[in-house]
Amino acid sequence: MSSHNATKELVADAATLRRASAKRWAIGLPVLRIGLVAAASTLTWLIVSAFESVTFPPPPMIAVVAMLPVNIICLLLVARLLRRDGRSIRDVLGFEPRRILKDLLWGLLWLIVMYLPFSGTIMLVVWAQHGDELFIQMETVFVDPSAIPTLNPVVWSIIGVVGALTFAPLNAPVEELVYRGYAQGTLARRWPTVLAIVVPSILFALQHVWYAPTPGATVAFVCAFFVWGVCSGLIYLRQRRLMPLVFAHGLVNLLFTLPALAMPILLTQNGF
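Residues numbered from 1 in each chain as written. Predicted model: local features only at pLDDT ≥ 70, side-chain atom pairs only at ≥ 80, totals over all residues. Heavy atoms only, no water.

Caption draft 1: Representation of the overall build of the chain in the model. Scanning the chain from terminus to terminus reveals nine helices and zero strands. Burial statistics for the chain: of 272 residues in total, 44% are counted as buried. In the chain, the proportion of contacts linking residues at least 24 apart, taken out of those at least 6 apart, comes to 81%. Carbon and sulfur atoms make up 72% of the accessible area of the chain, which totals about 13800 Å². (Helix = DSSP H or I, 4+ residues; strand = E, 2+ residues; numbered from the N terminus. Buried < 20%, exposed > 50% of the residue type's maximum accessible area, 1.4 Å probe, protein only. Contact = heavy atoms within 4.5 Å. Areas by Shrake-Rupley, 256 points an atom, 1.4 Å probe, with all protein chains shown as cover.)

Below, the structure written as structure tokens:
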């Protein structure tokens, strides 16, 4: 009897340790991703700066290429963590081939729904910073042509193709798995629902500091992506599946990479 009790205690202790580890990773994985994004952005800036003077952080059109190893590392980590909890990436995504079209339509709907508060937050922050010059400042806060390096059209073509083929289809599912599927999903079993949504959203927003097109856009990006994160968290809470959010997120990422695809054409027209 004592041996049986000892075994039960060992099993209970192991379960307690797994739960504690999962809680730590629920915060640690997003924090690690932020660190990896910062490192990738810094390394990219150093490489580009060796050929041409560019501002820090580097233009998003270039930074997306550096996200490939970051996304691969995070995907492997979240797969391992989910497997340890007895779950899989497919389960958390809620991927079902027969529901692809329906998930895509949901994604389009959520994209519209989230875009309204997202863009409204950006405008509100810029208005708070610049007042009546809101629309004038929008042209310079989010677009700085002088910060874009004049790379060879061939180089821009490679950047554009790599970005379109790797960033758009990979970044969206990885970020949704890290911030919503794993972080929010794990914290929701241990914390109040509000905190389980808000904390990953704060970390999601901080990550996007490294995507701000200009230093002046940093605050607006952090606030807007926090709002996007909260909206995504509420949608995940409602649907319990990530695929609709992955489609919405992926469409945004695709639009994010399109300027790099257009750069070779613009440079050729300008007689580069």
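Caption draft 2: Region of the structure containing the side chain of Thr 166. Mapped onto the elements of the fold, Thr 166 is located in helix α6 (residues 153–187). Of note is the side chain of Thr 166, whose polar atom sits 2.5 Å from the backbone oxygen of Val 162. In contact with Thr 166, other than residues within four places in its own chain, are Leu 68 and Asn 171. (Polar contact = N/O pair within 3.5 Å; in protein donor to acceptor, adjacent residues only side chain to side chain.)

Caption draft 3: The arrangement of a nonpolar patch on the surface in detail. On the surface, Leu 43, Ile 47 and Phe 51 cluster together into a nonpolar patch covering about 370 Å² of accessible area. With respect to the secondary-structure elements, Phe 51 resides in the loop between α1 (2–49) and α2 (60–84). (Patch = residues over 30% accessible without salt bridge, like charges linked within 9 Å, V, L, I, M, F, W, Y side chains within 5 Å. Salt bridge = Lys/Arg side-chain N within 4 Å of Asp/Glu carboxyl O.)

Caption draft 4: Layout of the pattern of salt bridges. Tallying each qualifying case throughout the model produces five salt bridges. Across the pair Asp 85 and Arg 87 runs a salt bridge, and its minimum N-O distance is 3.9 Å. Relative accessible area serves as the criterion here: at 28%, Asp 85 is assigned to the partly exposed category. What makes Arg 87 partly exposed here is its relative accessible area of 23%. For Arg 98, the salt bridge goes to Glu 96, with nearest N and O atoms at 2.9 Å. Of the residues examined, Arg 98 reaches a relative accessible area of 71% and is grouped as exposed. Classification of Glu 96 as partly exposed rests on a relative accessible area of 25%.

Caption draft 5: Representation of the environment of Ile 112 within the structure. In this fold, Ile 112 is placed in helix α4 (residues 100–130). The exposure class assigned to Ile 112 is exposed, which follows from its relative accessible area of 56%. Sequence spacing of Ile 112 and Ala 248 is 136 residues, and the spatial spacing of their C-alpha atoms is 8.7 Å.

Caption draft 6: Looking closely at unusual backbone geometry. In this structure, Arg 240 is a non-glycine residue whose phi angle is positive, near 60°. For Arg 240, a relative accessible area of 58% corresponds to the exposed category.

Caption draft 7: Spotlight on the side chain of Gln 239. Inspection of the secondary structure puts Gln 239 in helix α8 (residues 218–239). Judged by its relative accessible area of 18%, Gln 239 falls in the buried class. With near-sequence residues (within four places) excluded, Gln 239 lies in contact with Trp 106, Trp 110 and Pro 244.

Caption draft 8: Seen up close, the nonpolar core. Of all hydrophobic cores here, the largest spans 52 residues; its most connected members are Met 114, Phe 142, Tyr 182 and Leu 242. Not counting the four nearest positions on each side in its chain, Met 114 is found in contact with Trp 228, Cys 231, Ser 232, Ile 235, Leu 245 and Ala 248. The next biggest cluster of nonpolar side chains, apart from the first, holds six residues, and it includes Val 48, Val 54, Met 61 and Ile 62. (Core = buried A, V, L, I, M, F, W, Y, C linked by side-chain atoms within 4.5 Å.)

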